[in-house]
Amino acid sequence: MAKMWAGRTAGETDRIADDFNASIHFDCRMFREDITGSMAHARMLGKQGIITEDEAETLCEGLAGILADLESGALDFDYTAEDIHMFVEAVLTERLGEVGKKLHTARSRNDQVALDLRLLLRGETDTICESLRELLTVLCDSAEKYADTIMPGYTHLQRAQPITFGHYLMAYASMVARDLSRYEDARARMNYSPIGSCALAGTTYATDRKYEAEALGFDGVMENSLDGVSDRDFCLEFLSASSILMTHLSRLSEELCLYSSWEFAFIELSDAYTTGSSIMPQKKNPDMAELIRGKTGRVFGDMVAMLTVLKGLPLAYNKDMQEDKERVFDTVDTVKACLSVLIPMLATMTVKADNMRRAASGGFINATDLADYLVGKGMPFRTAYKISGALVAHCIAVGTTLEELPLAKYLEYSELFDAGVYDAIDLDACVRRRVSEGGTSPESVKRQVASMRARLSL
Ligand code: ARG
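Residues numbered from 1 in each chain as written. Predicted model: local features only at pLDDT ≥ 70, side-chain atom pairs only at ≥ 80, totals over all residues. Heavy atoms only, no water.

1. A look at the overall build of the protein chain
In plain terms, the rule: Note on conventions: DSSP H or I runs of at least 4 residues are helices, E runs of at least 2 residues are strands, and numbering of each starts at the N terminus. For a compact globule the rule gives 2.2 Å times the number of residues to the power 0.38, and the radius of gyration it is set against comes from C-alpha atoms. When a residue's accessible area, from a 1.4 Å probe over protein chains only, is under 20% of the maximum for its type it is buried; when over 50% it is exposed; and in between it is partly exposed.
Scanning the protein chain from N- to C-terminus turns up 19 helices and six strands. In terms of C-alpha radius of gyration, the protein chain reaches 31 Å, well past the compact-globule figure of 23 Å for 458 residues. A principal-axis box enclosing the C-alpha atoms of the protein chain has dimensions of 100 × 50 × 40 Å. Per-residue burial for the protein chain yields a buried fraction of 49% across its 458 residues.

2. What about a negative patch on the surface?
Here is the rule: The patches described consist of residues with a relative accessible area above 30% and no salt bridge, like charges being joined within 9 Å and nonpolar side chains (Val, Leu, Ile, Met, Phe, Trp, Tyr) within 5 Å. For every accessible area listed, the method is Shrake-Rupley and the probe measures 1.4 Å; residues are considered covered only by the protein chains on display. Any Lys or Arg side-chain nitrogen located within 4 Å of an Asp or Glu carboxyl oxygen qualifies as a salt bridge. Neither His nor the chain ends is counted toward charge; the positive residues are Lys and Arg and the negative residues Asp and Glu. Just so you know, the charge point we use is NZ for Lys, CZ for Arg, CG for Asp and CD for Glu.
There is a patch of like negative charges on the surface, built from Glu 53, Asp 54, Glu 57 and Glu 61. With respect to the helices and strands, Glu 57 occurs in helix H4 (residues 53-72). Residue Glu 57 is classed as partly exposed on the basis of its relative accessible area, which comes to 45%.

3. Concerning the site of the ligand
Note the cut-off: When at least one non-hydrogen atom of a residue lies within 4 Å of a molecule or strand, that residue is treated as near it. Think of a polar contact as two N or O atoms within 3.5 Å of one another; within protein, one of them needs to be a possible hydrogen donor and the other a possible acceptor, and neighboring residues in sequence only count if both atoms come from side chains. Polar here means any residue outside two lists: the nonpolar Ala, Val, Leu, Ile, Met, Phe, Trp, Tyr, Cys and Pro, and the charged Asp, Glu, Lys and Arg; Gly therefore counts as polar.
In the vicinity of the ligand, the contacting residues are Ser 23, Asp 27, Asp 83, His 85, Arg 109, Asn 110, Val 113, Tyr 317, Gln 322 and Lys 325. With respect to the ligand, the side chain of Asp 83 contributes an N or O atom lying 3.0 Å from a nitrogen atom. Residue Asn 110 places a side-chain N or O atom 2.9 Å away from a nitrogen atom belonging to the ligand. Coverage of the ligand by the protein chains reaches 86% of its 340 Å² of free accessible surface. Split by residue class, the shell around the ligand holds two nonpolar, four polar and four charged.

4. Some details on the environment of Ser 72
With respect to the secondary-structure elements, Ser 72 resides in helix H4. Exposure remark for Ser 72: the relative accessible area of 55% places this residue in the exposed category. One polar contact links the side chain of Ser 72 to the main-chain amide nitrogen of Ala 74, over a distance of 3.2 Å.

5. Some remarks on the pairing of strand E1 (residues 150-155)
Each regular strand displays side chains that alternate between the two surfaces of the sheet. Basically, it comes down to this: Pairing between strands requires that DSSP locate at least two bridges from one strand to the other.
Examined bridge by bridge, E1 and strand E2 (residues 158-164) share six bridges and lie antiparallel to one another. By the bridge assignment, Gly 153 is partnered in E2 with Gln 161.

6. Quick look at the packing of aromatic side chains
Note the threshold: In this scheme Phe, Tyr and Trp rings, the latter by its six-membered ring, pair at centre separations within 6.5 Å, and the angle between planes marks the pair as stacked below 30 degrees, edge-to-face above 60, and tilted otherwise.
Summed over all chains, the structure comprises 16 aromatic pairs. With centroids separated by 6.2 Å and ring planes inclined at 55 degrees, the aromatic side chains of Phe 77 and Tyr 79 adopt a geometry described as tilted. Ring centres 5.7 Å apart and planes at 15 degrees place the aromatic pair Tyr 373 and Phe 417 in the stacked group. Of this pair, Tyr 373 sits in helix H14 (residues 367-376) while Phe 417 is found in the loop between helix H16 (407-413) and helix H17 (421-424), placing the two residues 44 residues apart along the sequence. The exposure class assigned to Phe 417 is buried, which follows from its relative accessible area of 3%.

7. With respect to the side chain of Thr 331
The condition that has to hold: We call two residues contacting when some pair of their heavy atoms lies within 4.5 Å.
Assignment of secondary structure puts Thr 331 in helix H12 (residues 324-348). In contact with Thr 331, not counting residues within four places along its chain, are Phe 238, Leu 239, Ser 242, Val 299 and Asp 302.

8. Regarding unusual backbone geometry
In this structure, the amide linkage connecting Leu 315 to the following residue, Ala 316, adopts the cis form with an omega of 0 degrees. Examined against the element boundaries, Ala 316 turns out to sit in the loop between helix H11 (287-311) and H12. For Leu 157, which is not glycine, the phi dihedral falls at a positive 60 degrees. For Phe 364, which is not glycine, the phi torsion reads 55 degrees and is therefore positive. Locating Phe 364 in the fold gives a position in the loop between helix H13 (353-361) and H14.

As structure tokens, this is what we get:
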């Protein structure tokens, strides 16, 4: 395809250099945004009398035709065009003749690419937000269902205190709710139009940037044209929100792997989201969860690549910035793919409540409650903590549990003990009593679910 920018230079560029310079093989993904942006631009030029209203109409019809032909497959991308912007304009001129050449008045590819990428990312951010709401719905529904299913809670991966599975799920819901609000925040700052910044300095034409911004659904225009073409904060914010989200999905995936192992056997993933082994017939591998954990690294990589591309760039546009799109697209695709498999995987997994309860019954998980019982009888917590520790050590030494230890033994350690101790260390009671706000009791979990549903209108 002939080069539109061949004005200053007479010589041909090298073919290898052309390929190296080109971005059409990946920025063709923005064809809809490019064409929609161009239509708004043509209308603005017509409204302002920079071109005639008739010319604007002709340009819009031509652009609509290109869009329809690309959608239907009647028109193929020409990969010898440098980028999607050049391609669309070249086809338009080929189809319309001279008037096609008027489209690029009062703009530059620098503001055009910034516009296209914002439009695309705004749409993708909305799609991701919808999926996050779906994920939150699944988490809340399951949390409600398992609000009184007891499992061990861990710190240092050591059994710590009994919790409910509903409480555990709502921890992830809280994380995902923050992710959702991070994407929403990023979207709000993203939604300002760079178009009309032109190459870098604005333009001598009497453009109406606000009109164009409004037509494209933006909340306003970027106030400085140098910033308009140089800024990629919206990519960084998207990548950063995605990196944090992936950290959460990765932690959850790690636990799905762990909890579905024979050692834990707290859950079983549905056959639809596991694989078998080609050699070991007994295996049910949590490949999807492992892949989500693994793909987290790609998203971090995209974010670091983007930060690194931008960090030493002088204002305004530099070709380095062409590297932004593949990083952003990769993260968009990765996050969407991970969510699309995680949501049904969570919705269909089986919860093995008996195994969870059995695990919570061992490991002296109620030792804190034993200490709290003595505190309730007037003993200072530190003293109570020591006595409980000594009782646990005794149980380990003689191979028994706190539940089975006779009252006479308890009384050797403190005369504050009475038969009520057995109620105090009962697993269900331990959980039921954790009524503090945000705590693990079934009532508290149900409150958390209700509050999340109300806050996010799930
Ligand atoms: N393909 C370019 C990119 O992705 C478009 C902007 C080109 N601008 C320029 N002055 N060469 O960044």
